[in-house]
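Architecture at a glance
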Amino acid sequence: MVRKIFIYKAIILLLFLITPKAFANSIDAIINAEKSFSPAIISISVKDKNTGEIIYQKNPKILVHPASTLKIVTSSAALNYLGKDYNFKTALYRNGNKIYLKVGADPLFSYEDILNLVSQYKSKNTEMIKNFIIDDTIIDKESFGIGWQWDDNANIYFPQMSPYIINRNLFMVKANLSRKNTVTIEYAKEYKEPIINNISYGDTNFIKSTRDIFATNPKITLSGTIKENQIIYIPAKNPQQMYHNVLMYAFLSNNIPINANFKYEKLPRFCAEEGAITHTIEDVLKRINQNSDNLAAEILIKHAGSIKTDNTGTTQNGLEVVKNFYEENGIDMKNIIIVDASGASMNDYITSDFLTEALLVISKNHNFEFIKNTMSDPTNGTFRGRLPELNGKIKVKTGTHANTSSITGYITTNSGKDLVFAIILDNLPLNVNPKEFENKIIKAISFL
C-alpha cells in the first residue's frame, strides 16, 4: 500500500513537472471533487513570482471579499511609506510646570507599559503634577470602520479604534468556579465597567458576553456555563476612559500626586522628555500578518495617514497611501474597493488576480524580505500546524470572515519554482471545511 502511494505521488509530480496542463487539470479535479463547495464562489490565481506569468486562474476577475488577506496589501504599502525604522512611541514630556502625555496610538501598548512609563517619570520627578496635558492628536477618534459590525460591541475581534490603546482595548475578566459550583468573577478595578454575572456551572465551557449600547448606562452581561475556571476578554465601551483610569492608577500607585483635571492640547516643540515607551513597526507587522489583528492593521494605516498629511491620521488618508503605492507600481485600482485596512468590512471587494499582482509588486520592493518575515507559516500565526511539510517553503496571510475563507502568499515548489498565489472562497455554505480545501490546492501547487 505504501509503495502504491509513493508511485502515485511520483507520477503526479512527474506530470506537474512535464506539463502545466496536467497541473491545471489537477486543480480542477480537486475543485470538481468537492461537491459541497458548489454554491461558493471559488477565485484562484497562481503566478510565477519572477516573471509574472500566469500558471493557473479560476474566476480571477470576480470581485469577492478578501477577509484578512487584505492586511498584507495594506500593511506592505504602509511599511513602504513609514519605513522599517518607524516606531510607535508614547511619551511623557515637561514644559516648565506642565507635564504632557503624547498618546502614541500604539497597537502593542500594554498595562505593563503604562506602569513602566510612569516609573520612568518617577525616577526624575516626585512633586505633585498640577498641570497634566494630553496630546491625543496623532490619529482620529473614529471608533469603527466602514461596514464593521459596530452593534456587535462585545466581540473581541472588533475592539474600538482610538488614539488611546491599552491591552488592545480589551480588559480581562476571570470567571472562577467555587467549591459550591457557583461562579464568581473578578477583574482589575481600574477598568470600572459594571458587569452582570449570569454564568452558571455546567458540562461545557461556553460564555457569551453582550452589551446593550442603547441603555442609559450600558453594562456587560455574561451568560453561559463553565466547568472550570475561564478567562474572558471584553472590549472596553470607552477606551479613552479606561486609559485614563489605568493612567491615574499608575501615578497613584507610584505615590505621585496628580490633579485629575486633565487638559487637551497639542504638544509644543522643545519639551524635555521624561519617559518613553516604544514598539517597532516589525513587531506591529507580526501582530497584523501572523496573528491577523484587526485593530493593529487599522491603527497602522492611520499612522501612515498621519505622516502623509503631517496632521491627525485618518483611515481615508492611509488608504490613499495604499492606492498610490499600487498604482505607481502599475496596478489598475479602478474596480478594487478597499474601505478599511484589515478586511474586516464586508464592503471590501477585490479579486484574486489583484492579490497576486499586489504580491508581485511587494516582492520587487526593497522591503520584501522584511515584510515576508512578518507573514505566517506552518510554525506560527494563523497558519500554524497547517501543511508542516511546506515549512521553509511558504509564507502566507490567511483570512476568515462570515462565509469567506481566503489565503494568499509566496511558495517555493518541489521543483524550485517561486510562485505567488491567492485562493478566495466566498459565499461559502455552512458545514464545509474551507481550510482543508485550501490545503489540498496549496499542496497541489507545491508539486509544480
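Below you will find a few notes about this structure. (Residues numbered from 1 in each chain as written. Predicted model: local features only at pLDDT ≥ 70, side-chain atom pairs only at ≥ 80, totals over all residues. Heavy atoms only, no water.)

Let's shift gears to the packing of helix α3 (residues 70-82) against helix α9 (residues 352-363). At their nearest, the axes of α3 and α9 sit 10 Å apart, and the two run at 30° to each other. In terms of orientation, α3 lies roughly parallel with respect to α9. The hand of the α3/α9 crossing is left-handed. Of the residues in α9, those in contact with I72, V73 and S76 of α3 are F354, L355, A358, L359 and I362. The class makeup of the residues in the contact of α3 with α9 is 7 nonpolar, 1 polar and no charged. (Axes fitted to C-alpha atoms, helices over the stretch in contact; angles between N-to-C directions. Helix = DSSP H or I, 4+ residues; strand = E, 2+ residues; numbered from the N terminus. Parallel < 35°, antiparallel > 145°, perpendicular 65-115°, else oblique. Left-handed = near helix turned anticlockwise from the far one by under 90°. Contact = heavy atoms within 4.5 Å. Nonpolar A, V, L, I, M, F, W, Y, C, P; charged D, E, K, R; others polar.)

Here K98 lies in strand β4 (residues 98-102). A residue is classified by how much of its surface remains accessible, and K98, at 31% relative accessible area, is partly exposed. Sequence separation of K98 and T400 is 302 residues, and the distance between their C-alpha atoms is 47 Å. If we ignore the near neighbours within four places in the chain, the residues touching K98 are Y93, N131 and I133. (Buried < 20%, exposed > 50% of the residue type's maximum accessible area, 1.4 Å probe, protein only.)

This part is about a nonpolar patch on the surface. A contiguous nonpolar patch, built from L63, I337 and Y349 and spanning about 230 Å² of accessible area, is present on the exposed surface. The residue L63 is located in the loop between β2 (54-58) and α3 in this model. In this structure L63 comes out as partly exposed when scored by relative accessible area, which is 36%. (Patch = residues over 30% accessible without salt bridge, like charges linked within 9 Å, V, L, I, M, F, W, Y side chains within 5 Å. Areas by Shrake-Rupley, 256 points an atom, 1.4 Å probe, with all protein chains shown as cover. Salt bridge = Lys/Arg side-chain N within 4 Å of Asp/Glu carboxyl O.)

A complete count under the given rule lists 16 salt bridges for this structure. A network of salt bridges, in which partner residues are shared, links K47, K61, D353 and E357.

Sheet architecture is open: 3 strands sit in the order β7-β6-β11, paired in antiparallel fashion. Both outer strands of the open sheet, β7 (183-186) and β11 (230-235), are each paired with one neighbouring strand and no more. Going from strand to strand, the sheet's axes swing by 30° on average, the running direction of each strand aside. The pairing of strand β6 (residues 170-177) with β11 spans 6 bridges and is antiparallel. Pairing of V173 across the sheet is with I232, part of β11. (Pairing = 2+ DSSP bridges.)

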